[in-house]
Amino acid sequence: MPRVTRPDANTDNTATPPVGQTDGQASPRYAGLTTFARLPRIHDVPRHDVAVAGVPFDAGVTFRPGARFGPSAIREASRLLRPYNPQLDVMPFRDQQVVDAGDLACNPFDIAAASKEIEEGAYELIRDGARLVTLGGDHTIAYPLLRAMNRVHGPVALVHFDAHLDTWDTYFDAPLTHGTPFRRAAEEGLFLPGSSAHVGIRGSLYDLQDLSSDAELGFTIVHCADLETLSVRDVVTRLRQTIAEAPLYVSVDIDVLDPAHAPATGTPEAGGMTSRELLGIIRGFKGLNLVGADVVEVSPAYDHADITSVAAANVAYEFVSLCAGGRR
Ligand SMILES: N=C(N)NCCCC(=O)O
Ligand SMILES: [Zn+2]
Ligand SMILES: [Zn+2]
């Protein structure tokens with residue numbers, strides 16, 4: 001397990017046990033300042049194995065805005081997360097040091113500048129081998145996150161859960177938007193063609209060619225309609241064959257869920273996955289070398305009873321839990 005020691009830490013306590021959640025028996029879960037899962041902030045501890053960071057950026061959206069408020073809503077929903085994950089049989093906050101690294105500040109008016117800032121901010125968190133779980137933000141941020149991952153791990157197997165391909169080329173001539181991050185990533189060889197997949201694709205497209213030009217980038221697709229015949233276990237088997245031994249990056253656009261399970265998102269599409277299916281497939285990655293993950297496109301102003309933020313917080317919890325899990 002990679003262990004990062006900050007040079008500015010005043011003690012050498014790499015041997016001390018991880019600092020976990022604020023005890024919900026000592027301070028009620030709804031009390032106190034908000035961090036992901038009531039975990040310590042990055043500067044409260046001398047090292048981290050896993051950083052959870054927000055990226056409050058939504059200048060890349062093509063329809064409803066508001067994903068800049070995703071990180072804070074997901075953190076609020078994460079207050080309810082408990083220390084033991086029974087499905088994966090791990091104590092994710094005991095077996096590794098997980099921290100809330102705060103938000104990566106980025107320019108809301110200049111997408112290219114923001115992309116550089118996100119890449120550098122992410123790289124600082126992972127450069128010594130820690131894993132990163134990012135709370136978006138719109139899907140544009142996956143591109144700088146993949147760039148940061150590549151600086152440490154080289155090209156990754158990319159599993160992308162989304163209603164949308166996000167491999168379109170430009171919008172209004174803009175090359176970097178939430179509909180284009182994976183085409184930009186493909187152009188730079190940031191993921192491994194043949195080891196990468198989209199999951200949950202559905203809804204209307206612009207053109208018949210959208211699917212074939214996506215396939216040229218090296219993705220296989222588990223369409224949402226495939227879930228009518230494939231079980232969660234079948235999908236996991238298929239994805240594990242695709243990923244094989246490669247370092248794995250998982251990007252979850254929350255709109256992969258049906259709008260009934262995630263109403264608060266910018267480009268909702270009917271006929272989506274259930275949150276149970278999504279969580280089940282992610283848990284199926286146990287034992288793989290997950291180096292990073294994101295959950296994006298939560299736009300809380302469109303939420304009802306925090307349905308979407310709760311789903312996203314639980315997705316992030318599974319990611320952190322996978323980081324703690326041993327090889328299967
Ligand atoms: N990444 C998300 N959520 N949406 C992309 C949709 C782009 C489009 O409708 O053209
Ligand atoms: Zn989407
Ligand atoms: Zn997307």
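Residues numbered from 1 in each chain as written. Chains lettered and ligands numbered in written order. Predicted model: local features only at pLDDT ≥ 70, side-chain atom pairs only at ≥ 80, totals over all residues. Heavy atoms only, no water.

Peer 1: Sorry, what's going on with the coordination of the zinc ion (ligand 3) here?
Peer 2: Octahedral metals with six donors have ideal donor angles of 90 or 180 degrees. Tetrahedral metals with four donors have an ideal donor angle of 109.5 degrees. Protein-derived coordination of the zinc ion (ligand 3) comes from His139 (ND1), Asp162 (OD), Asp166 (OD) and Asp253 (OD), at a distance range of 2.0 to 2.2 Å. Written as a sequence motif, the donor arrangement for the zinc ion (ligand 3) is H-x22-D-x3-D-x86-D. Here the zinc ion (ligand 3) and the zinc ion (ligand 2) are spaced 3.2 Å apart, linked through Asp162, which binds each one. Within this pair, whereas His139 is found in the loop between strand 5 (131–136) and helix 3 (142–153), its partner Asp166 is found in the loop between strand 6 (157–161) and helix 4 (181–187), the two being separated by 27 residues in sequence. For the residue pair His139 and Asp166, the accessibility class agrees, reading buried in each case. (Donors = N, O, S within 2.8 Å, 3.2 Å for Na, K, Ca; no water. Helix = DSSP H or I, 4+ residues; strand = E, 2+ residues; numbered from the N terminus. Buried < 20%, exposed > 50% of the residue type's maximum accessible area, 1.4 Å probe, protein only.)

Peer 1: What's the story with helix 7 (residues 275–283) in this structure? I'm lost.
Peer 2: For the α-helix, the turn length of 3.6 residues means that residues three or four positions removed from each other point alike. When helix 7 is considered as a whole, its buried residues turn out to be Leu278, Leu279, Gly280, Ile281 and Ile282. At its buried positions, helix 7 is contacted by strand 6, helix 6 (232–243), strand 9 (248–253) and helix 8 (307–324). (Contact = heavy atoms within 4.5 Å.)

Peer 1: What's the story with the pairing of strand 10 (residues 290–296) in this structure? I'm lost.
Peer 2: Consecutive side chains along a regular strand alternate between the two faces of the sheet. Most of strand 10 sits out of view: seven of its seven residues are buried. What joins strand 9 to strand 10 is helix 7, and the crossover it makes is right-handed. (Right-handed = clockwise from strand over helix to strand, strands pointing away.)

Peer 1: Looking at this structure, how should I read the site of ligand 1?
Peer 2: Close to ligand 1 lie Thr62, His139, His164, Asp166, Trp168, Tyr171, His178, Tyr206, Asp253, Asp255, Thr267 and Glu297. Here an oxygen atom of ligand 1 sits 2.3 Å away from a polar atom, N or O, in the side chain of Tyr206. Side-chain polar atom of Thr267 to a nitrogen atom of ligand 1: 3.1 Å apart, as the coordinates give it. If ligand 1 stood free it would expose 300 Å²; the protein chains cover 92% of that surface. (Near = heavy atom within 4 Å. Polar contact = N/O pair within 3.5 Å; in protein donor to acceptor, adjacent residues only side chain to side chain. Areas by Shrake-Rupley, 256 points an atom, 1.4 Å probe, with all protein chains shown as cover.)

Peer 1: Is there a simple way to explain the coordination of the zinc ion (ligand 2) in this structure?
Peer 2: Every protein donor of the zinc ion (ligand 2) is accounted for by Asp162 (OD), His164 (ND1), Asp253 (OD), Asp255 (OD) and Asp255 (OD), and the metal-donor separations fall at 2.1 to 2.5 Å. Each donor residue of the zinc ion (ligand 2) belongs to the same chain, and together they define the spacing D-x1-H-x88-D-x1-D.

Peer 1: Is there a simple way to explain the sheet that holds strand 6 in this structure?
Peer 2: The strand order 4-3-5-10-9-6-7-8 describes an open sheet built from eight strands, whose pairing is parallel. This sheet does not close on itself; its edge strands, each paired only once, are strand 4 (98–103) and strand 8 (219–223). Each strand axis lies, on average, 15 degrees off the axis of its neighbour in the sheet, ignoring direction. Where strand 3 (residues 50–55) meets strand 5, six bridges bridge the pair, whose relative direction is parallel. (Pairing = 2+ DSSP bridges. Axes fitted to C-alpha atoms, helices over the stretch in contact; angles between N-to-C directions.)

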